[in-house]
Amino acid sequence: MQEKTRTITISKFKEEVYAGLTANPKYLSSKYFYDTKGDKIFQDIMAMPEYYLTDCEYDIIEKNKKKIAALFAGDSNNFNLIELGAGDGKKTKILLKHMVKSKLDFKYLPIDISQNALNQLEKALQIEIPSLKTEPLQGTYLETLDTINSIRDTKKVILFLGSNVGNLLHPQAVLFLQNIQKAMKKDDIFFVGFDQKKNPQTILDAYNDETGITEAFNKNILMRINAELKGNFVADNFLHWEVYDPETGTAKSYLVSKKAQTVTIKDLDLTIFLKPWETIHTEISQKYDDEVVSWLAKESGLKIIEQFSDEKKYYKNYALKK
Ligand code: AVI
């Protein structure tokens, strides 16, 4: 990562951690789950049988790769496939392999907040699909929207897999989708995954596995504050707690303080006190249905042109246009 980007990222991290831990009730942003360790834990989450999202989306892409590739290419000879939050690219690789084999003329631009994830993905792609043209970009989605916006003369297909929109509250999701819409031209496509409402127990199990992987993921934000901002959080002093509201479709993760405790974060010049059972809200994972997705699309100036689902209707991918 360039020094300037690193400095901005660290000061933003400091600012947001300070704001969240001095607020009432306390919160921390789930975007900070993802450092080298967090990336690795998230990979473990995606491999968990309870975390159905990855398998469902993998199945959708595998079963529909021909249709999806044809939809992406349309009648253009050349396009950019931009992926927001590319991660390890496991699902995208199915499409990339199929599209390279079908001799489609396109360039792949993976974007991720984690430079570590991008480095690993680039290495893997060089080995697995050597003829693929790749141009990785490090940054948050918002930071990189300018870059996406500047690609004006080549058709764009923007991928946003993994129900990542679900980590945003509806108003933020609308703002985000509006920005995507502004960066799109008439023929461009936005291909996005939305996890669907289902049996609440299935959702709770996905975010509260018995092996404690999700717990470690949630607590990694505390470990990050310890490592990067000289904090002294003790992971065992917190419970990982998940709730799901079937009415709103919102799953929420918390860290709950098991006792009265004091935590000092030297680099923030901050000491906080947590009461017994006080919460730190860390993540939302929104679940959707067609009605809500249509509403989000409409609010953002987008139209659903196609949708794909797995057999159980647990998960859907939607193709949207301006
Ligand atoms: C990345 N994001 C869509 C995941 C989710 O399902 O909200 C992150 C996650 N949090 C706990 N498990 C997975």
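This structure is a prediction, so every number in the text was calculated from the model and none was measured.

Here is what the cut-offs are and how they apply
Residues numbered from 1 in each chain as written. Predicted model: local features only at pLDDT ≥ 70, side-chain atom pairs only at ≥ 80, totals over all residues. Heavy atoms only, no water. Axes fitted to C-alpha atoms, helices over the stretch in contact; angles between N-to-C directions. Helix = DSSP H or I, 4+ residues; strand = E, 2+ residues; numbered from the N terminus. Parallel < 35°, antiparallel > 145°, perpendicular 65-115°, else oblique. Left-handed = near helix turned anticlockwise from the far one by under 90°. Contact = heavy atoms within 4.5 Å. Near = heavy atom within 4 Å. Polar contact = N/O pair within 3.5 Å; in protein donor to acceptor, adjacent residues only side chain to side chain. Nonpolar A, V, L, I, M, F, W, Y, C, P; charged D, E, K, R; others polar. Buried < 20%, exposed > 50% of the residue type's maximum accessible area, 1.4 Å probe, protein only. Arc of directions from axis to C-beta. Phe/Tyr/Trp six-rings, centres within 6.5 Å; stacked < 30°, edge-to-face > 60°.

Enquirer: So what about the packing of helix H3 (residues 52–73) against helix H4 (residues 90–101)? Which residues, and what values?
Expert: Between H3 and H4, the least distance of the axes is 9 Å, while the angle of their chain directions is 25°. Of the possible angle classes, the one that applies to H3 and H4 is roughly parallel. The element H3 and its partner H4 pack so that their crossing is right-handed. Seen from H3, the contacting residues are Thr-54, Glu-57, Tyr-58, Ile-61, Glu-62, Lys-65, Lys-66, Ile-68, Ala-69 and Phe-72; seen from H4, they are Lys-90, Lys-91, Ile-94, Leu-95, His-98 and Met-99.

Enquirer: Talk me through the site of the ligand; I want residue IDs and the actual numbers.
Expert: Looking at the ligand, there are 13 residues lining it, with Tyr-51, Asn-167, Tyr-207, Glu-283 and Ser-285 nearest. Asn-167 has a polar side-chain atom sitting 2.9 Å from a nitrogen atom of the ligand. The separation between an oxygen atom of the ligand and a polar side-chain atom of Ser-285 is 2.6 Å. Where the shell around the ligand is concerned, the elements lending two or more residues are helix H2 (36–46), helix H9 (213–229) and strand S12 (279–286). Here the residues of the shell around the ligand are counted per class, giving 6 nonpolar, 6 polar and 1 charged.

Enquirer: Please provide a residue-by-residue account of helix H10 (residues 290–299), values included.
Expert: Along an α-helix, a turn takes 3.6 residues, which lines up residues three or four apart on a common side. When we look at burial in H10, the residues that qualify are Val-293, Leu-296 and Ala-297. Looking straight down H10, one finds its buried side chains confined to an arc of 100°; they lie on one side. Exposed residues pointing more than 90 degrees away from the buried face of H10 are listed as Glu-291 and Lys-298. Residues of H10 that are buried make contact with helix H7 (170–182), strand S7 (189–195), strand S13 (303–309) and strand S14 (315–321).

Enquirer: An account of unusual backbone geometry is needed here, citing residue identities and associated values.
Expert: A cis amide bond links Asn-24 with the next residue in sequence, Pro-25, at an omega value of 0°. Within the fold, Pro-25 resides in the loop between helix H1 (3–21) and strand S1 (26–27). Here the phi dihedral of Lys-103 falls at roughly 60°; this positive angle occurs in a residue that is not glycine. On the secondary structure map, Lys-103 appears in the loop between H4 and strand S3 (106–112). Located in the positive-phi region is Asp-269, a residue other than glycine, with phi close to 55°.

Enquirer: Outline the environment of Thr-92, listing residues and values.
Expert: Along the chain, Thr-92 falls in helix H4. Spatially, the C-alpha atom of Thr-92 lies 10.0 Å from that of Lys-65, the residues being 27 residues apart in sequence. Apart from the residues lying within four places of it in its own chain, the contact partners of Thr-92 are Glu-83, Tyr-108, Leu-159 and Leu-161. At 2.8 Å, the side chain of Thr-92 forms a polar contact with the side chain of Glu-83.

Enquirer: How would you summarise the packing of aromatic side chains if you had to cite specific residues and measurements?
Expert: Scanning all chains against the criterion turns up 16 aromatic pairs. A centroid spacing of 5.8 Å and a plane angle of 85° characterise the contact between Tyr-34 and Phe-42, whose relative ring orientation is edge-to-face. Ring centres 5.1 Å apart and planes at 40° place the aromatic pair Phe-160 and Phe-176 in the tilted group. With a gap of 16 residues between them, Phe-160 in strand S6 (residues 155–160) and Phe-176 in helix H7 connect regions that are remote in the sequence.

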